[in-house]
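Working through the structure, step by step
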Amino acid sequence: MVAAKKVTSVALRERKGEKIAAVTAYDVAFARLADRALVDIVLVGDSLGMVVQGLQNTLPVTLDEMIYHCRMVARGVERAHVVADMPFLSYQASLEDGVRAAGRLLKEGVAESVKLEGGAEVAGLVARLSAIGIPVMGHVGMTPQSVHKFGGFKVQGRTDAQAQSILAGARALADAGAYAVVVENVPPALAAEITRAVAIPTIGIGAGPACDGQVLVMHDLLGLDPDWSPRFARRYAELGRDAIAAFAAYVADVRAGKFPSDKETAR
Ligand code: KIV
């Protein structure tokens, strides 16, 4: 079998105006499945704090946890580009912290690039990382690590001042050398304006169809939570309900003495 052509940050940077499909994954099994489905980017998001660890937000996620999950994901991916989120406080305190954290995500986590949240205030770090060979994906709009500043996971960029600041942030990231930027939970007109304003691909989540690409949290896309998903997500499967039904069928078979059969017993 011919090896699939690897998706690199350089190739992604050149896909401005094309539709890029990104999804999160947190372990080898789902990373492998997403890769087989030809997603372009597998993002090891710090959303794992919420969907894997059951936390209220992403703030407690540690760098060691990100590295642990990223290493698993990287083992399952052959073709897609593997991006690791830099967790809260791994890069905000100093440039040196940021360089070391990003370096560990590549060196120990086997990520191929890192993603960090913020605009102009992180542009210096983005420039430094890009200069030393660590590709960076930016993230603007409703940046979850600022949940307390926003007073919840609320749409950002509704006021003119907010919109201008988000737009300026995206421009600063592109100027600093980011190869793409996630635009999260902003009004679609603002996402369209950002997409027109920057020469790098925008990857939207809850930001409408004008972005160059889209990203979804795997759990939302697969319907792993049977009872909830964000308004902007589309459920492409109902794996949560299917899993409950499968567990229940197994329980029933065990209780009825129907499992295991002869065929399922060691000889
Ligand atoms: O942590 C994450 O999964 C993310 C995506 C939602 C963009 O940042």
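Heads up: the structure comes first, above all this text.
So, how was this worked out
- Residues numbered from 1 in each chain as written.
- Predicted model: local features only at pLDDT ≥ 70, side-chain atom pairs only at ≥ 80, totals over all residues.
- Heavy atoms only, no water.
- Near = heavy atom within 4 Å.
- Polar contact = N/O pair within 3.5 Å; in protein donor to acceptor, adjacent residues only side chain to side chain.
- Areas by Shrake-Rupley, 256 points an atom, 1.4 Å probe, with all protein chains shown as cover.
- Nonpolar A, V, L, I, M, F, W, Y, C, P; charged D, E, K, R; others polar.
- Pairing = 2+ DSSP bridges.
- Helix = DSSP H or I, 4+ residues; strand = E, 2+ residues; numbered from the N terminus.
- Axes fitted to C-alpha atoms, helices over the stretch in contact; angles between N-to-C directions.
- Phe/Tyr/Trp six-rings, centres within 6.5 Å; stacked < 30°, edge-to-face > 60°.
- Salt bridge = Lys/Arg side-chain N within 4 Å of Asp/Glu carboxyl O.
- Buried < 20%, exposed > 50% of the residue type's maximum accessible area, 1.4 Å probe, protein only.
- Right-handed = clockwise from strand over helix to strand, strands pointing away.

By nearness alone, every residue bordering the ligand is listed as Thr24, Leu43, Gly45, Asp46, Ser47, Asp85, Lys115, His139, Val182, Ile205, Val215 and Val217. A distance of 3.0 Å is found between an oxygen atom of the ligand and a side-chain nitrogen or oxygen belonging to aspartate 46. Side-chain polar atom of serine 47 to an oxygen atom of the ligand: 2.5 Å apart, as the coordinates give it. Across the complex, the protein chains shield 96% of the 250 Å² of accessible surface that the ligand would expose by itself. Here the residues of the shell around the ligand sort into 5 nonpolar, 4 polar and 3 charged.

Quick look at the sheet that holds strand β2 (residues 41-44) now. Here 8 strands make up a closed barrel; going around it, the order is β1-β2-β3-β4-β5-β6-β7-β8 and the pairing parallel. Averaged over all pairs of adjacent strands, the angle between strand axes in this sheet comes to 25°, irrespective of strand direction. Where strand β3 (residues 81-85) lies against strand β4 (residues 113-115), 3 bridges are found, and the strand directions are parallel. Note that in β4 the partner of alanine 84 across the bridge is valine 114.

All right, on to the packing of aromatic side chains then. Following the criterion strictly, the structure yields 1 aromatic pair and no others. Relative to phenylalanine 259, the ring of tyrosine 250 has its centre 5.9 Å away and its plane inclined at 70°; by these criteria the two rings are edge-to-face.

This part is about the pattern of salt bridges. Side chains carrying opposite charge are able to pair once their charged atoms draw close together. Across all of its chains, the model carries 11 salt bridges by this definition. Residues glutamate 112 and lysine 6 are paired through a salt bridge, measuring 3.0 Å at the closest nitrogen-oxygen approach. Note that glutamate 112 is positioned in the loop between α5 (95-107) and β4 and lysine 6 in the segment before α1 (9-13), a separation of 106 residues in sequence. Judged by its relative accessible area of 26%, glutamate 112 is partly exposed. Among the charged side chains, a salt-bridge network with shared partners connects Arg15, Glu18, Asp40 and Arg79.

This part takes up the pairing of strand β5 (residues 136-141). Here β5 lies mainly inside the structure; 6 of its 6 residues are buried. Burial along β5 is two-sided: Val136, Gly138 and Val140 and Met137, His139 and Gly141, pointing in opposite directions, are all buried. The handedness of the β4 to β5 crossover, carried by helix α6 (residues 123-131), is right-handed. Sheet topology places β5 next to strand β6 (residues 180-184); 5 bridges connect them, and they run parallel. Bridged to histidine 139 within β6 is valine 182.

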